[in-house]
Each structure stands twice: as structure tokens, then as C-alpha cells.
Amino acid sequence: MAVACSHRLVCPLCDGRYEDDGLLLDCPVPHAGALLKTEYPARGEAGGRTGLFRYRDWLPVRRVVAGAAAPAVLPAGELGRRLGLADLWLAFSGYWPEVGAGFTTGTFKELEAYTVLGRLPDEPPVLVVASAGNTAAAFASACSRHRVRCVLVVPAAALARLRFPAPLDDCVRLVALEDGRYSDAIALAAALASLPGFQAEGGVRNVARRDGLGTVLLAAHDAMGGLPGHYFQAVGSAAGALGAHEAALRLAEHEDAGPPPRLVLCQNLPFAPIHQRWTGGCLAGSDRDLIAPELANANPPYEVAGGIAEALASTGGDVVAVGNEAAARAMRLFEDVLGIDIEPSAGVALAALQEVAETGRVPADARILLNITGGGRARYARDHALVPAEPVVRLAVPRREFPGTEDVLRVIAAMERGDERVVVG
Ligand SMILES: [Zn+2]
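Below, the structure is looked at part by part. (Residues numbered from 1 in each chain as written. Predicted model: local features only at pLDDT ≥ 70, side-chain atom pairs only at ≥ 80, totals over all residues. Heavy atoms only, no water.)

1. Describing the overall build of the protein
Point 1. Scanning the protein from N- to C-terminus turns up 12 helices and 19 strands.
Point 2. In terms of overall dimensions, the protein is globule-like: its C-alpha atoms have a radius of gyration of 20 Å, near the 22 Å expected for 425 residues.
Point 3. Looking at the 425 residues of the protein, the share that counts as buried comes to 59%.
Point 4. Once local pairs closer than 6 in sequence are excluded, the contacts in the protein between residues at least 24 apart make up 72%.
Point 5. Total accessible area computed for the protein in this model is approximately 16600 Å², and 50% of it derives from carbon and sulfur atoms. (Helix = DSSP H or I, 4+ residues; strand = E, 2+ residues; numbered from the N terminus. Rg over C-alpha atoms; globule rule 2.2 N^0.38 Å. Buried < 20%, exposed > 50% of the residue type's maximum accessible area, 1.4 Å probe, protein only. Contact = heavy atoms within 4.5 Å. Areas by Shrake-Rupley, 256 points an atom, 1.4 Å probe, with all protein chains shown as cover.)

And the structure:
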């Protein structure tokens, strides 16, 4: 269903304003780094709209894409009591039918995938997406369902994560990197996206990602009757936290919602690049050692205009990093108390909140929103028969610099051969 576009793209550095062609990722003016933002008029009544697109007045989309779930927002109840927090709320983006959360791939990445698809122009180029697993699952599901051509590049270790109720449509081309890391996937995806006919999805630079993820805060505002004072979320690129911050500013501008919540960004030790920049420490560990490898983004938009440092400073925010053990304990606590499994990155956020609450760094009566960015994947697998996704190419990552031109050519050739399942490298 087509939607009238009423938004414009704005550069926070040079104040340039642009019509949205559905693909633009960066301000065309040559200057220092900046994240384009969206500008919308006031939103109308949601009426009978449901799912993600009930927020479509503040999404940069030209069409409604069917099947997109919205986050569930609920008081934390007993979990809050366990943490000594009287006014803790949860935003749950996963599979938990009892509270109305229907994300079949189990994470909030579905919010960004469906918004990115809604933003694309008609007859789009082939989308190229790098992922540690969750983003690939969301794009695979949405693109397969709506027959949008895409290439998803993932470390082979993420394949176990990619299981669906039915085989994926052939428009989804999955490239798996044997012994590859998230950073290798990012590098290969960038090389593929530079070729004619392909388009980088863009990650945090894509306004559709941030505004799609920002609907978590819109849902919370509507459910809580106002904005929370503090917002906790596990972050890699921080697209979700920046999206929430931008949504809060939009609520303040159009609906007099008051100051945006204080951002508390949570990362996974021993590889915590945002925490390291925030505290001025050094980056000691390896990205191979994380319980939540999707948080291991070595180049988050920290210093750029409209980026992480600005959002932290303007909200009096903080960055908290926790280890694997604490995150695993938090995952067990959540499941024990609420009866639903959560993803490791959500465990990182809960463990960070727990640490902050125990050390008195947040008042016991503070109004807090904890973004549970993924959960219910085990529950979904129990309730449904799932089949693994088949990569069209498995590429061994060589020890030399990766990717070389020959790696890119091999991937292209293998994809063009169609349904052959090849191992190269
Ligand atoms: Zn600019």
C-alpha cells in the first residue's frame, strides 16, 4: 500500500535539506562525518492501524509492508522488584505471544528491515547487508516474504541463527564466511555494494533503520503515558539508541513530551569500543570472545554530527560495559522471572541495568525503560518446525587482506550460477 511521503532529509552539520529518493545515505556536501536525519510534520491519529506501520507518519516510507510487528511495552513487575527498581518498564521486541510481541525472527532488527523495505524506491538495486546474524535473519525473512532482492553476508557461525518456517525465496542470496568475523562480513559487503546494480543498505547511516528502531520509544511513550527518565539498551552501532533519541526529540517538538530520556548504552566486555571511547580506556579484548558478537562494531558513529557522543552529552548519559558471565546470569534471571528466553545482547543490557541499580547510580524510583532487543527465539523454535537457510556461497576467509578483488569476483560468479551451493577459497 502506497503512503504519501511528507518527510525530508536534513543534514545536522550543514543544514542541507533533501528530498528522499529512498536510497540516500550521506549528505552530498563534502564535509566531516554526519548522520542525515528525517524531518516530519506532526503525526496524526493511529486509528485502527496495527504493527510497526501504526507509526508510519514518522517513518521515512513510501509504502506499508505487510507483516511487520510492533514492540510490546509492559511494566517489569517482579523483575523490577528483584532489581530494587519501582518503576521499571520493558520494551520487548521478540516472540512472546502472551504480551502481543510477534517478531518471528526474535529481534528488533525486524523493525529496521521492514522500514528499510518501505523506504526503497520502486525497482530498487540489489540490497547488500552485512550482519552478525540478527539483521540477516530479519532481512532474509522480510525480503523473502516480499520478494525484494538482497545479498546477506554473514560469518558462517551465524548460520545456526538463520532458521525459518519455510525455505527462503531465491531473491535472498546468503553468503557465509567460513571462519569469518562480523568485520569480514562488513568488508565484503562494502566491496559488493560498490558494484553497479548493488546498493549498501547502509546500517546506522540509513534513516529508515534509525526511525524504524525509534518506534520502540514511540510505543513506550504511548504505553507509559509519557517518556521514561532513563533508557537502557545494548548497542553495537547504536542505531537503536540514536533512533530512540531522535524519536524523543520528535515527541518533544510536536507533542510537548518533555526532555528526552537519559541514554545508558550497554556493551559487552572484553570488546566494547563505545565504552572505551567514552571512558578513554584502551580496547583490550577480541571480538571473538563475546556472548553477544553483534555488539562488536569497531567503528560506531561516535564523533560524527548527530552521533553517539552528542546524544550521550546532551542527555547526561553513560556507557556501561559488562562481561559474558553477568550477561548470561541476567538472561537466566529474565527467563526465571518472566518465563521467556532473551537474546545475549538483551542480557547485556539487563546486566548493565542491574549493576547500575546495585551501585545506586540510578534512583530506585526512577522511571526506566529497558529495551529488550531480542527474545523468544527458543520459544518460537519450540512452537514451529524450522528449516535452516542454505547459503549460495561459502567463502573461506584467507589470511591475507580480505576481501581481494578475486574474492568479490568469486562471490559474484557463484551467485550468478544460481542454485549451485559452492565452497570457494
Ligand atoms: Zn551536510
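2. Considerations on the nonpolar core
Nonpolar side chains tend to gather and get buried jointly when the protein is soluble and globular.
Point 1. If you look at the biggest cluster of nonpolar residues, it comprises 76 residues, and the most contacted ones within it are Leu152, Leu162, Leu217 and Leu265.
Point 2. Per-element tally for this core: the top contributor is helix 5 (residues 207-224), with 8 residues.
Point 3. Sequence-distant contacts of Leu265, defined by excluding residues within four places in its chain, comprise Gln233, Val235, Ala241, Ile274, Ile308, Leu312, Asp318, Val319 and Val320.
Point 4. Core analysis: the next-biggest nonpolar cluster, separate from the first, contains 41 residues, Leu74, Ala76, Trp96 and Ala327 among them. (Core = buried A, V, L, I, M, F, W, Y, C linked by side-chain atoms within 4.5 Å.)

3. Description of the sheet that holds strand 16 (residues 367-372)
Neighbouring strands of a sheet are bound in pairs by backbone hydrogen bonds; such pairs are parallel or else antiparallel.
Point 1. Read across the sheet, 6 strands follow the order 4-5-16-13-14-15 without closing on themselves; strand pairing throughout is mixed. Edge strands, defined here as strands with exactly one partner in the open sheet, are strand 4 (72-75) and strand 15 (318-322). For this sheet, the mean angle separating the axes of adjacent strands, direction not counted, is 20°.
Point 2. Here helix 8 (residues 308-315) sits on the sheet and contacts strand 14 (262-268) and strand 15; the angle it forms with strand 14, its principal contact strand, is near 130°.
Point 3. The strands touched by helix 9 (residues 324-338) are strand 5 (87-92), strand 14, strand 15 and strand 16; relative to strand 5, the strand with the most contacts, the crossing angle is about 95°. (Pairing = 2+ DSSP bridges. Axes fitted to C-alpha atoms, helices over the stretch in contact; angles between N-to-C directions.)

4. Section: the state of the cysteines
Point 1. Counting across every chain of the model gives 0 disulfides.
Point 2. With no disulfide of its own, Cys5 lies 19 Å from the sulfur of Cys143, the closest cysteine sulfur.
Point 3. On the basis of relative accessibility, which here comes to 45%, the residue Cys5 falls in the partly exposed class. (Disulfide = S-S within 2.5 Å.)

5. Topic: the coordination of the zinc ion
Point 1. All of the protein donors around the zinc ion are Cys11 (SG), Cys14 (SG), Cys27 (SG) and His31 (NE2); their distances to the metal are 2.0 to 2.3 Å.
Point 2. Looking at Cys11, the relative accessible area reads 1%, which means it is buried.
Point 3. Residue class for His31 comes out partly exposed when judged on its relative accessible area of 32%. (Donors = N, O, S within 2.8 Å, 3.2 Å for Na, K, Ca; no water.)

6. Remarks on the side chain of Thr107
Point 1. Within the secondary structure layout, Thr107 lies in the loop between strand 7 (101-102) and helix 2 (109-119).
Point 2. Among the residues examined, Thr107 registers a relative accessible area of 2% and is labelled buried.
Point 3. Not counting chain neighbours up to four residues away, the residues in contact with Thr107 comprise Ser93, Asn134, Arg161, Glu343, Thr373 and Gly374.

7. Considerations on the packing of helix 2 against helix 5
Point 1. Orientation of helix 2 relative to helix 5, taken along the N-to-C sense of each, is 135°, at an axis distance of 8 Å. For the element pair helix 2 / helix 5, the angle class is oblique. Along this stretch, helix 2 crosses helix 5, giving a crossing that reads as right-handed. The residues of helix 5 that touch helix 2, namely those facing Leu111, Glu112, Thr115, Val116 and Arg119, are Val207, Ala208, Arg209, Gly212, Leu213, Thr215 and Val216.
Point 2. In the contact of helix 2 with helix 5, the residues fall into 6 nonpolar, 3 polar and 3 charged. (Parallel < 35°, antiparallel > 145°, perpendicular 65-115°, else oblique. Left-handed = near helix turned anticlockwise from the far one by under 90°. Nonpolar A, V, L, I, M, F, W, Y, C, P; charged D, E, K, R; others polar.)

8. Description of helix 9
Point 1. With 15 residues, helix 9 should reach 21 Å at 1.5 Å per residue; the first-to-last C-alpha distance of 21 Å fits that figure.
Point 2. Listing the buried residues of helix 9 in full gives Ala327, Ala328, Ala330, Met331, Leu333, Phe334 and Val337.
Point 3. Buried residues along helix 9 sit against helix 1 (78-83), strand 5, helix 10 (344-358) and strand 16.
Point 4. The positive-phi residue at the C-terminal boundary of helix 9 is Gly339, with phi of around 80°. (Expected span 1.5 Å × (residues − 1).)

9. Quick word on the pattern of salt bridges
Point 1. Taken as a whole and assessed by the stated rule, the structure comprises 23 salt bridges.
Point 2. Between Glu112 and Arg209 there is a salt bridge, with the nearest N and O atoms lying 3.2 Å from each other. With Glu112 in helix 2 and Arg209 in helix 5, this pair connects stretches of sequence that are 97 residues apart.
Point 3. Using a relative accessible area of 0% as the deciding quantity, one classes Glu112 as buried.
Point 4. Assessed through its relative accessible area of 7%, Arg209 is described here as buried.
Point 5. Overlapping salt bridges, with partners in common, bring together Lys109, Glu112, Glu201 and Arg209 in one network. (Salt bridge = Lys/Arg side-chain N within 4 Å of Asp/Glu carboxyl O.)

10. Quick notes on the pairing of strand 11 (residues 172-178)
It is a general feature of regular strands that their side chains alternate between the two faces of the sheet.
Point 1. Burial runs high along strand 11: 5 of the 7 residues are buried.
Point 2. As judged from the 6 bridges shared by strand 9 (residues 150-155) and strand 11, these two strands associate in the parallel manner. Within the sheet, the bridge partner assigned to Leu152 lies in strand 11 and is Leu174.
Point 3. Inspection of the sheet shows strand 11 paired to strand 18 (residues 393-396) by 4 bridges, in the parallel sense. When the sheet's bridge partners are listed, Val175 is paired in strand 18 with Val393.

So far we have only geometry, and geometry alone does not tell us how the molecule works.
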